[in-house]
Amino acid sequence: LTGVLDDCLCDIESIDDFNTFKIFPKIQKLQERDYFRYYKVNLKRPCPFWADDGHCSIKDCHVEPCPESKIPVGIKAGSSNKYSKVANNSKELEDCEQANKLGAVNSTLSNQSKEAFIDWARYDDSQDHFCELDDERSPDAQYVDLLLNPERYTGYKGPSAWRVWNSIYEENCFKPRSVYRPLNPLAPSRGGDDGESFYTWLEGLCLEKRVFYKLISGLHASINLHLCANYLLEETWGKPRWGPNVKEFTRRFDPIETKGEGPRRLKNLYFLYLIELRALSKVAPYFERSVVDLYTGNGHEDAESKALLLDIFRDTKSFHMHFDEKSMFAGDKKGAKSLKEEFRLHFKNISRIMDCVGCDKCRLWGKLQTQGLGTALKILFSEKEIQSLPENSPSKGFQLTRQEIVALVNAFGRLSTSIRELQNFKVLLQQTR
């Protein structure tokens, strides 16, 4: 892979160098810190689109939830928006109770009305979300230690996995049913087309819809890369050995074996990396405020985590070939608004499809990476709100929950790892020739 990417002015070599020398080592460190390693997720939500075909019984599909005693006190203590110690300050709570007594208008409301207000607030909050978020208060939602449940090859494949990806591409990528994706295992035989009609169709789309397809394809490529790089190579005496599988990588990405499709998918991975990199550079002002703390209850660790995060933001801002999202949704106001809403709803649907993944470990990482990308899109479409944030008080206009922050950083960490693994496969391929 070399040269300039489509739909932006950035070349692959620049991203490789930037990721290898600046981003990858730092984001690896950040993901190991307590604030970012514990993710709360509901893996028991039923699939909303088809009857569940049973969960994967392969042992590598299993996710080990974290016992409550292991979760840092500042993380499990409170609401999803609590990322600062201000929210945990008892003086603040006393003031709050005092204020409630003085202005106790709500005491006249019935419980039903209160619940309605909460629902309205939740509905308003969800209007800028690109993802269906798990309800963290659900008894089925559990904390997972991401470091103890790494994303890797589990053996989950075949019709169940195809159905998930097929549903994502066929029903949510603005695609007519008459146009078939190249290498789609569920498509009828098309003779000698080799996907050319698909790419002719794609070129005819507006930039926004083309970008949407590339983001999904890039995410798919990234997930496939993780599976090839962390593959179960052998199991002797009950001890598994994980590592890169060159044969599997070749099967999924080699230009000859995939009729030219593999390199296109890898280019979409780079495109997705650029989109999430852009979001990180845009959201920096939100975290630069003193009111945001990445609170776990350990003051020293929290300060170090924030310093490392801000250091990564400085690097993202220094990158000189960012994707320019201003070219998106730039038509007439009414058309742009309805297209953006369509974009948001399509992506929200994809986040719901993640509840149909039959393997728990794949479901965990699918949900996290989808939520990370959804958060990146939310950031890119909230630039004005981020720029007008108050310095010393929690923001009303633009908010990120702790879940969104954890998903954003870990999803970008996965992309950074994919691009790093791609370098490793290049070396391994040269050695096998």
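All values derive from a computational prediction rather than experimental measurement.

Conventions and cut-offs
Residues numbered from 1 in each chain as written. Predicted model: local features only at pLDDT ≥ 70, side-chain atom pairs only at ≥ 80, totals over all residues. Heavy atoms only, no water. Disulfide = S-S within 2.5 Å. Helix = DSSP H or I, 4+ residues; strand = E, 2+ residues; numbered from the N terminus. Buried < 20%, exposed > 50% of the residue type's maximum accessible area, 1.4 Å probe, protein only. Pairing = 2+ DSSP bridges. UniProt positions renumbered as here; feature names shortened; annotations may be inferred. Contact = heavy atoms within 4.5 Å. Phe/Tyr/Trp six-rings, centres within 6.5 Å; stacked < 30°, edge-to-face > 60°. Axes fitted to C-alpha atoms, helices over the stretch in contact; angles between N-to-C directions. Parallel < 35°, antiparallel > 145°, perpendicular 65-115°, else oblique. Left-handed = near helix turned anticlockwise from the far one by under 90°. Nonpolar A, V, L, I, M, F, W, Y, C, P; charged D, E, K, R; others polar.

**Thoughts on the state of the cysteines**
Turning to step 1, where the next piece is worked out: Tallied over the entire structure, the rule returns one disulfide.
Turning to step 2, where the next piece is worked out: Each sulfur in the disulfide pair Cys47 and Cys356 lies 2.1 Å from the other. Residues Cys47 and Cys356 are joined through a disulfide that is right-handed, its torsion about the S-S bond being 75 degrees. Note that Cys47 is positioned in the loop between strand S1 (38-42) and helix H3 (73-76) and Cys356 in the loop between helix H12 (333-353) and helix H13 (360-380), a separation of 309 residues in sequence. With respect to class, Cys47 is no different from Cys356; both count as buried.

**A short note on the pairing of S1**
Turning to step 1, where the next piece is worked out: Here S1 lies mainly inside the structure; five of its five residues are buried.
Turning to step 2, where the next piece is worked out: Of the two faces of S1, both are covered, the one formed by Tyr38, Lys40 and Asn42 as well as the one formed by Tyr39 and Val41.
Turning to step 3, where the next piece is worked out: Sheet topology places S1 next to strand S2 (residues 141-145); five bridges connect them, and they run antiparallel. Bridging across to S2, Lys40 finds its partner in Tyr143.

**Quick notes on the UniProt feature "binding site: FAD" (unreviewed entry) in the protein**
Turning to step 1, where the next piece is worked out: Within this structure's numbering, the places UniProt gives as "binding site: FAD" (unreviewed entry) are Arg152, Thr154, Trp165, Ser217, His220 and Arg252.
Turning to step 2, where the next piece is worked out: Within the secondary structure, Thr154 is located in the loop between S2 and helix H6 (159-172).
Turning to step 3, where the next piece is worked out: What makes Ser217 buried here is its relative accessible area of 2%.
Turning to step 4, where the next piece is worked out: Not counting chain neighbours up to four residues away, the residues in contact with Ser217 comprise Tyr169, Arg265 and Asn268.

**A look at the packing of aromatic side chains**
Turning to step 1, where the next piece is worked out: Summed over the entire model, instances satisfying the criterion amount to 19 aromatic pairs.
Turning to step 2, where the next piece is worked out: With a centroid separation of 5.3 Å and 85 degrees between ring planes, the pair formed by Phe174 and Phe212 is classed as edge-to-face. Here the residue Phe174 occupies a position in the loop between H6 and helix H7 (196-203), and Phe212 occupies one in helix H8 (residues 207-229), the gap between them amounting to 38 residues. Each of the two residues, Phe174 as well as Phe212, counts as buried.
Turning to step 3, where the next piece is worked out: Where Phe198 meets Trp201, the ring centres are 5.4 Å apart and the plane angle is 45 degrees; that geometry is what we call tilted. Here the residue Phe198 and the residue Trp201 both occupy positions in helix H7, the gap between them amounting to three residues, near one helical turn.

**Re the packing of H8 against H12**
Turning to step 1, where the next piece is worked out: Running from N to C, H8 and H12 cross one another at 15 degrees; their axes reach a closest spacing of 11 Å. Taken together, H8 and H12 sit at an angle that is classed as roughly parallel. Considering only the axes of H8 and H12, their crossing is right-handed. Contacts from Glu208, Lys209, Phe212 and Ile216 of H8 reach H12 at Leu339, Phe343, His346, Phe347 and Ile350.
Turning to step 2, where the next piece is worked out: When the residues that make up the contact of H8 with H12 are grouped by side-chain class, the tally is six nonpolar, one polar and two charged.

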